[in-house]
Amino acid sequence: MIYDCLIIGGGLAGLTCGIRCASNGLHTAIISGGMNSLHFSSGSIDIAGYNTKGEIIKKPFDYLKTMIKENSAHPYAKTGIPGVRESLNFITGKFMEEGINLNHNNDMNHFHVTTLGTLKPTFLSQESVFNTDVADIANSHNKIAILNFKGFRDYYPEQTAANLKKNSMFKDKEIILGDISLPYYLNTEKNLHEFRSIDLARIFETERYLPRIAEEIKKASGGASIVSLPAFIGIRNYKTIRSKLQEMTGKFIYEIPSLPPSILGLRLDNALKNSFINLGGEYIAGERVVSGSIKNNQVEFVTTRNSGNIPVQSKFYVLTTGSFFSGGLAAGFDNISEPLFGLKVKGENKRSKWYNSNFFDRKSHPFLGFGVETDSKFNPVSGSGKTIKNLFCAGSVLSGYNPVSEGSGGGVAVSTAFKCAERIIKEIKND
Ligand SMILES: Cc1cc2nc3c(=O)[nH]c(=O)nc-3n(C[C@H](O)[C@H](O)[C@H](O)COP(=O)(O)OP(=O)(O)OC[C@H]3O[C@@H](n4cnc5c(N)ncnc54)[C@H](O)[C@@H]3O)c2cc1C
């Protein structure tokens, strides 16, 4: 069997590309080796959060012009600004079909509260996150409550509160900290510390304990009408759960991301996978591509861990294997490589230049900008210096941008993947 499009890697980029190809009737498969960055993310999609001086960007679409002017190798220079807009409209539409509303703040960035209690600019957030203008909400309430679940070790409300207090918006607010007990605990022999966000989210999903949880929230929040909980109030039915809890408590309830696994990210991942599969896409999970064969500047086939020597073939291939974090790029002692096709990589070989000595440096670390080099159509260059026409690259495997210092990870993943799909669809239709 020969696919129209075979996507290697099933993160935000791979799924966006797959959905666009499958919705255009292409016979599309995604081979995905495991968890992706969404499982570790805030579940918000950043487009451009900071300029090169580290200042916060208010209107990201206006700023993209500057970004492209300052860095013509940036992936956004290849997608074009209308391409970024179109891709985000496409993906928010797909999320909406799957029941997730991703909101922006009148085309402006908004702040969301991170697990550490810092405020991070982002463009699209789930409605259960503190995603309207934080300043408005903070201004109109003198008291906020930050609650945790008894025994839950992956969230530290004291730290959230201490960092919020450092922010001018919150410095005069009364912050109430409290623990609530999940009634399910009464029926289990497990140690409370064993529960991770995913276990707690599953308990919430049952909706059985909501009235008692609502009572606990009312008791613990000390009269505050704004209450945060760590983000695990359900995976699929979190909207219903949140509105029921708000109704039962009479309080505004929002979620703060906790340590991984990120339920906010998992919701996005599940929604995209459903969308892809419902469109007829083939999602091959838990499988890894181990090699790719290139002949006459074309990918001939790939092999996978489980297929042994049996080649998997497609007319077009898309590499969305992510950065170092997901195995899309590999670091040797003094060299950087792309492990599947041996593609040309842009980076620095001298290890001492990969990172900044200050871990939290606002400029982030140079290695985050390393990645595969492509032409303006996202076709990469092989080790022998030739462009590979039936292979496209998208997402964080790309070079030319730094997702952390720019706050651009999600936007680059979605827009580059969307563009690759557009090119493949065009080529298949012209064939
Ligand atoms: C910890 C973390 C948190 C982040 N948080 C945010 C955030 O909150 N907001 C934001 O906008 N951006 C965030 N980002 C930036 C992130 O890079 C992008 O948002 C985006 O999710 C990247 O998607 P991707 O599909 O390119 O790569 P990934 O999500 O990394 O997915 C790559 C996939 O490819 C698979 N894979 C790798 N090699 C193979 C192989 N050989 N065969 C088969 N499969 C393979 C991996 O298993 C993985 O599933 C975060 C990044 C990280 C690392």
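So, here is what we can say about the structure in this document. (Residues numbered from 1 in each chain as written. Predicted model: local features only at pLDDT ≥ 70, side-chain atom pairs only at ≥ 80, totals over all residues. Heavy atoms only, no water.)

Relative to the elements of secondary structure, N379 occurs in the loop between β18 (371-372) and β19 (391-393). Side-chain polar atoms of N379 contact the backbone oxygen of L391, separated by 2.9 Å. Other than its neighbours up to four places away in sequence, N379 contacts E373, T374, T387, I388, K389, L391 and F392. (Helix = DSSP H or I, 4+ residues; strand = E, 2+ residues; numbered from the N terminus. Polar contact = N/O pair within 3.5 Å; in protein donor to acceptor, adjacent residues only side chain to side chain. Contact = heavy atoms within 4.5 Å.)

In the vicinity of the ligand lie 33 residues, with S37, S42, S326, S396 and G410 positioned nearest. Here a nitrogen atom of the ligand sits 2.9 Å away from a polar atom, N or O, in the main chain of G33. Within the backbone of S44, one N or O atom sits 2.9 Å away from a nitrogen atom of the ligand. In isolation the ligand offers 990 Å² of accessible surface; the protein chains occlude 88% of this area. (Near = heavy atom within 4 Å. Areas by Shrake-Rupley, 256 points an atom, 1.4 Å probe, with all protein chains shown as cover.)

For the structure shown, the criterion picks out 13 salt bridges. The partner of K315 in a salt bridge is D4, and the shortest N-O contact between them spans 3.2 Å. Within this pair, whereas K315 is found in strand β14 (residues 313-319), its partner D4 is found in strand β1 (residues 2-8), the two being separated by 311 residues in sequence. Given the relative accessible area of 13%, D4 is considered buried. Salt-bridge contacts for E207 lead to K244; the nearest nitrogen and oxygen are separated by 2.7 Å. With E207 in the loop between α7 (197-205) and α8 (210-220) and K244 in helix α9 (residues 238-249), this residue pair connects regions lying 37 residues apart in the sequence. Taking the relative accessible area as the measure of exposure, E207 reaches 24% and is therefore partly exposed. (Salt bridge = Lys/Arg side-chain N within 4 Å of Asp/Glu carboxyl O. Buried < 20%, exposed > 50% of the residue type's maximum accessible area, 1.4 Å probe, protein only.)

Turning our eyes to something else, we now look at the pairing of strand β9 (residues 226-230). Of all five residues making up β9, five are buried, and the element is well covered by its neighbours. Residues I226, S228 and P230 point to one face of β9 and V227 and L229 to the other, with burial holding for every one of them. Direction of pairing for strand β7 (residues 143-149) relative to β9: parallel, over a ladder of three bridges. Bridged to I144 within β9 is I226. Two strands pair when backbone bridges link them, and β9 and strand β10 (residues 252-256) are joined in this way by five bridges, in the parallel orientation. Its bridge partner lying in β10, L229 is registered against E255. What joins β9 to β10 is α9, and the crossover it makes is right-handed. (Pairing = 2+ DSSP bridges. Right-handed = clockwise from strand over helix to strand, strands pointing away.)

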